[in-house]
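For reference, the chains in residue letters:
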Amino acid sequence: MTSVGRGNSAQPASAEREFVFTPDDFRVIAAVLHGDAGIYLPETKATLVYSRLAKRLRLLGLSSFNDYCALIQDEAGVDERQAMLAALTTNVTRFFREPHHFDHLRERVLPDLVARARAGGRVRLWSSACSSGQEPYSMALTLLAAMPDAAQHDVKILATDIDPNVVAVAREGAYRRDLLEAVPSSDRSRLKRAPELGDDVWRFSDEVRDLIAFRELNLVRPWPMNGRFDVIFCRNVVIYFDEPTQETVWRRFIDIMTPQARLYIGHSERVTGDDGRLVSDGLTVYRLKGAAR
Ligand SMILES: C[S@@+](CC[C@H](N)C(=O)[O-])C[C@H]1O[C@@H](n2cnc3c(N)ncnc32)[C@H](O)[C@@H]1O
């Protein structure tokens, strides 16, 4: 991405810009996004912000970013703030992304959890920035491979994201075949063709979908759930937060982890501000210090 540099204007040099976009406009947008979602936008993202939001201005019939900033700061602009968030965040994801996490889950975590569930215990997993669902479905397939009888026990996966659009896609649980390539052949029987949704679109069976509860949830706002989690995936989202926000999120996860829980984070992320309460349990996997292994 091209940086706009440190000049007087957040507009890139090209004179053919359709809308005036000043450093003040950029600052307002960055402050609103930070306040709403904890996301930190460095000035180097100004070009990206311009190009993603210019489409919104056109759609809304606005003639300047100044007007756009007035809208998103107004009470009436609440829907547009949501649209802005969706336009400025990335939802990139894929099935079995960072496959070593699913190997770890299968080999080192699920055996105990399956035994506990079969003995009548409660087991909870959370995909905390689930995007369009590839992560929680990968978790569900890993779980079902280890525990085909999961539906008969108190086992659930919570899948949440701040963006209601991606949560809706995730809830639908239907994907084009090219997106499903990383799904193991042994799991393909859990997919059924969904011709009503398009050519070569496949949907996960009810058995898989029923394991997962999909909800909208903002990681930097209060969380509604009470119970603790045995497995938390928080991957490739805190990287967009500033450091204090990241630290707050890590501490809040610690507070809702069961003693044996594992926290899985993205490959370019690291845990800070945890006061040594989390220790490594593998590549970008953490557990609580002092917990029996
Ligand atoms: C790059 S995707 C990561 C998806 C998945 N975890 C993975 O690693 O493949 C980042 C997701 O974080 C979500 N997100 C951004 N800010 C958030 C927040 N404050 N609370 C919850 N989700 C957020 C975005 O909507 C997006 O779907």
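Our subject is the structure listed above.
Residues numbered from 1 in each chain as written. Predicted model: local features only at pLDDT ≥ 70, side-chain atom pairs only at ≥ 80, totals over all residues. Heavy atoms only, no water.

### Looking at the packing of aromatic side chains
Move 1: Under the definition given, this model contains 19 aromatic pairs.
Move 2: Between Tyr137 and Phe204, the aromatic rings sit 4.6 Å apart at their centres with planes inclined by 10°, giving stacked as the arrangement. Taken together, the positions of Tyr137 in helix α6 (residues 134-146) and Phe204 in strand β5 (residues 201-204) put the pair 67 residues apart, joining distant regions of the chain.
Move 3: Taking the relative accessible area as the measure of exposure, Phe204 reaches 1% and is therefore buried.
Move 4: These aromatic residues form a ring-pair network of at least three members: Phe19, Phe21, Tyr50, Phe65 and Tyr68.
Move 5: Lying over the aromatic face of Tyr50, Arg17 brings its terminal NZ or CZ to 3.7 Å of the ring centre. (Phe/Tyr/Trp six-rings, centres within 6.5 Å; stacked < 30°, edge-to-face > 60°. Helix = DSSP H or I, 4+ residues; strand = E, 2+ residues; numbered from the N terminus. Buried < 20%, exposed > 50% of the residue type's maximum accessible area, 1.4 Å probe, protein only. Lys NZ or Arg CZ within 6 Å of the ring centre and 35° of its normal.)

### A look at the pattern of salt bridges
Move 1: The final tally for this structure, using the stated rule, is 22 salt bridges.
Move 2: In this structure, Arg106 and Glu107 form a salt bridge, with 3.6 Å as the shortest nitrogen-oxygen distance.
Move 3: By relative accessible area, Glu107 is classed as exposed at 55%.
Move 4: In this structure, Arg193 and Asp200 form a salt bridge, with 3.7 Å as the shortest nitrogen-oxygen distance.
Move 5: Judged by relative accessible area, Asp200 falls into the partly exposed class, the value being 27%.
Move 6: Residues joined in a network through salt bridges with shared partners are Arg108, Arg262, Asp281 and Arg287. (Salt bridge = Lys/Arg side-chain N within 4 Å of Asp/Glu carboxyl O.)

### Describing the environment of Ala83
Move 1: Residue position: Ala83 is located in helix α4 (residues 78-88).
Move 2: For the pair Ala83 and Leu53, spaced 30 residues apart in the sequence, the C-alpha separation amounts to 9.5 Å.

### Quick look at the packing of helix α1 (residues 23-37) against α4
Move 1: Two elements in contact, α1 and α4, have axes whose closest approach is 11 Å; the angle formed by their N-to-C orientations is 95°. One finds that α1 runs roughly perpendicular with respect to α4. Along its contact with α1, which presents Ile29, Val32, Leu33, Asp36 and Ala37, the element α4 presents Arg81, Met84, Leu85 and Leu88.
Move 2: Here the contact of α1 with α4 is built from residues that sort into seven nonpolar, no polar and two charged. (Axes fitted to C-alpha atoms, helices over the stretch in contact; angles between N-to-C directions. Parallel < 35°, antiparallel > 145°, perpendicular 65-115°, else oblique. Contact = heavy atoms within 4.5 Å. Nonpolar A, V, L, I, M, F, W, Y, C, P; charged D, E, K, R; others polar.)

### Things to note about the layout of surface pockets
Move 1: As a volume, the largest pocket reaches approximately 710 Å³.
Move 2: Residue lining of the largest pocket: 36 residues in total, with Thr89, Thr90, Asn236, Val237 and Tyr240 positioned closest to the centre.
Move 3: For the lining of the largest pocket, the secondary-structure elements that each account for two or more residues are α1 and α2 (46-60).
Move 4: For the lining of the largest pocket, a count of residues per class yields 19 nonpolar, ten polar and seven charged.
Move 5: Looking at which domains feed residues into the lining of the largest pocket, each of domain 1 (23-88) and domain 2 (99-288) gives three or more.
Move 6: Within this model, the second largest pocket holds a volume of roughly 170 Å³.
Move 7: Every residue along the wall of the second largest pocket is listed here: Asp36, Val78, Arg81, Gln82, Leu85, Ile162, Glu216, Leu217 and Asn218.
Move 8: Considering each element in turn, the lining of the second largest pocket owes the most residues, four residues, to α4.
Move 9: Across the lining of the second largest pocket, the residue classes break down as four nonpolar, two polar and three charged.
Move 10: Mapped onto the domain boundaries, the lining of the second largest pocket takes at least three residues apiece from domain 1 (23-88) and domain 2 (99-288). (1 Å grid on protein atoms, 1.4 Å probe; cavity = no way out; pocket = protein on both sides within 12 Å on 5 of 7 lines; lining within 4 Å. Points joined across faces, edges and corners; volume = space filled by probe spheres on them. Domains from an automatic or database assignment.)

### Re the sheet that holds strand β7 (residues 229-234)
Move 1: Spatially, the seven strands line up as an open sheet ordered β6-β2-β1-β7-β8-β10-β9, and their pairing is mixed. Where the open sheet ends on each side, the last strands, each with one partner, are β6 (212-216) and β9 (278-282). The sheet shows a mean angle of 20° between the axes of neighbouring strands, direction not considered.
Move 2: With five bridges joining them, strand β1 (residues 123-127) and strand β2 (residues 155-161) adopt parallel strand pairing. The partner of Leu125 across the bridge, within β2, is Ile157.
Move 3: α6 contacts β1, β2, β6 and β7 of the sheet and is inclined by roughly 170° relative to β2.
Move 4: Contacting β1, β7, β8 (257-265), β9 and β10 (285-288), helix α9 (residues 243-255) runs over the sheet at an angle of about 145° to β8. (Pairing = 2+ DSSP bridges.)

By themselves, these observations are geometric and do not establish any function.
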